[in-house]
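Chain by chain, the residues:
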Amino acid sequence: MTTRAKICGITRLEDALHAASSGADYLGYIFYAPSKRFVAPRTAKEIIQKVRTEFPNVQHVGVFVDEEPENMVWVRNLAGLDLLQLHGHETPGVCDELTALGIDVIKVLAIGEKETSTDFCQYNVSFFLCDTHDAKLKGGTGRTFDLNKIPSGLPNEKTFLAGGLTPENVAELIRERAPYAVDVSTGVEESPGIKSHRRVTEFIESVLGANGSAVQEK
């Protein structure tokens, strides 16, 4: 399975276009006001419209934290999002409500020192995303987590892995875990919300290189 690359925390058009031109499969936009990477829905709409013109195959993901379903749907429709990523304590019922509308959902599993308290089996969603647990920060911690804490049985073909990824460590992760996708924000930034184009290119090259190595090994 080829691992895909998601660049999250997009706030600027130039960063989105560079990531897409470098080979990113997904771009993420954070609609959680306390985040340093928050982007207004109308700004995201402008970015997405321009990226779609040049890179129609790139998928756009909206990140939310304990938001009301109707608000998420409104932002999705306004901005033109492809998937919704739920990064809070959203219930299986909330996910069911969204999937019933034909919306693809990514449910985040926060991995801490103890086993994750979220039972992924309760969620009927398109994908899961494993990220480092932080009681205050919702994503973008720049810290890794113990891969052994990933819930047993979580299907690789439906799983994004995040948390402290960089151009230097992502290839090893792919070779070890072969997830559906890898997700980075902090590891390719100059400052919160401002991407380093060099680091973004290096990250995606590392992903592509790891995929190529896996094919050769087979």
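Relevant structure appears above.
Reading guide: rules and limits
- Residues numbered from 1 in each chain as written.
- Predicted model: local features only at pLDDT ≥ 70, side-chain atom pairs only at ≥ 80, totals over all residues.
- Heavy atoms only, no water.
- Helix = DSSP H or I, 4+ residues; strand = E, 2+ residues; numbered from the N terminus.
- Buried < 20%, exposed > 50% of the residue type's maximum accessible area, 1.4 Å probe, protein only.
- Contact = heavy atoms within 4.5 Å.
- Axes fitted to C-alpha atoms, helices over the stretch in contact; angles between N-to-C directions.
- Left-handed = near helix turned anticlockwise from the far one by under 90°.
- Core = buried A, V, L, I, M, F, W, Y, C linked by side-chain atoms within 4.5 Å.
- Polar contact = N/O pair within 3.5 Å; in protein donor to acceptor, adjacent residues only side chain to side chain.

A.B. asks: How do you make sense of the environment of Ala-178 when you look at a structure like this?
C.D. replies: With respect to the helices and strands, Ala-178 occurs in the loop between helix 5 (170–177) and strand 8 (181–184). Ala-178 sits in the partly exposed class, given a relative accessible area of 33%. Ala-178 has contacts with Met-1, Thr-3, Asn-156 and Leu-173, leaving out every residue within four places of it along the chain.

A.B. asks: Sorry, what's going on with the packing of helix 3 (residues 69–79) against helix 4 (residues 92–99) here?
C.D. replies: A pair of packed helices can be characterised by two numbers: the angle between their axes and the separation between those axes. Running from N to C, helix 3 and helix 4 cross one another at 35°; their axes reach a closest spacing of 10 Å. Handedness of the crossing formed by helix 3 with helix 4: right-handed. Between helix 3 and helix 4, the contacting residues are Pro-69, Met-72 and Val-73 on the first element and Val-94, Glu-97 and Leu-98 on the second.

A.B. asks: Help me understand the nonpolar core, please; the structure alone is not making it clear to me.
C.D. replies: Grouped burial of nonpolar side chains is what soluble globular proteins tend to show. Within the largest apolar cluster, 54 residues are counted, with the highest numbers of intra-cluster contacts made by Ile-7, Leu-27, Tyr-29, Leu-81, Leu-98 and Phe-203. The biggest single contributor to this core is helix 6 (residues 197–217), with 5 residues.

A.B. asks: Would you take a moment to explain the side chain of Glu-189 for this structure?
C.D. replies: Along the polypeptide, Glu-189 turns up in strand 9 (residues 189–191). By relative accessible area, which is 16% here, Glu-189 ends up buried. Within polar-contact distance, the side chain of Glu-189 engages the backbone nitrogen of Gly-193 at 2.9 Å. A polar contact of 2.9 Å, which involves the side chain of Glu-189, links it to the side chain of Lys-195. In this view, Glu-189 contacts Gly-9, Arg-37, Ile-194, Lys-195 and Ser-196; residues no more than four positions away in its chain are not counted.

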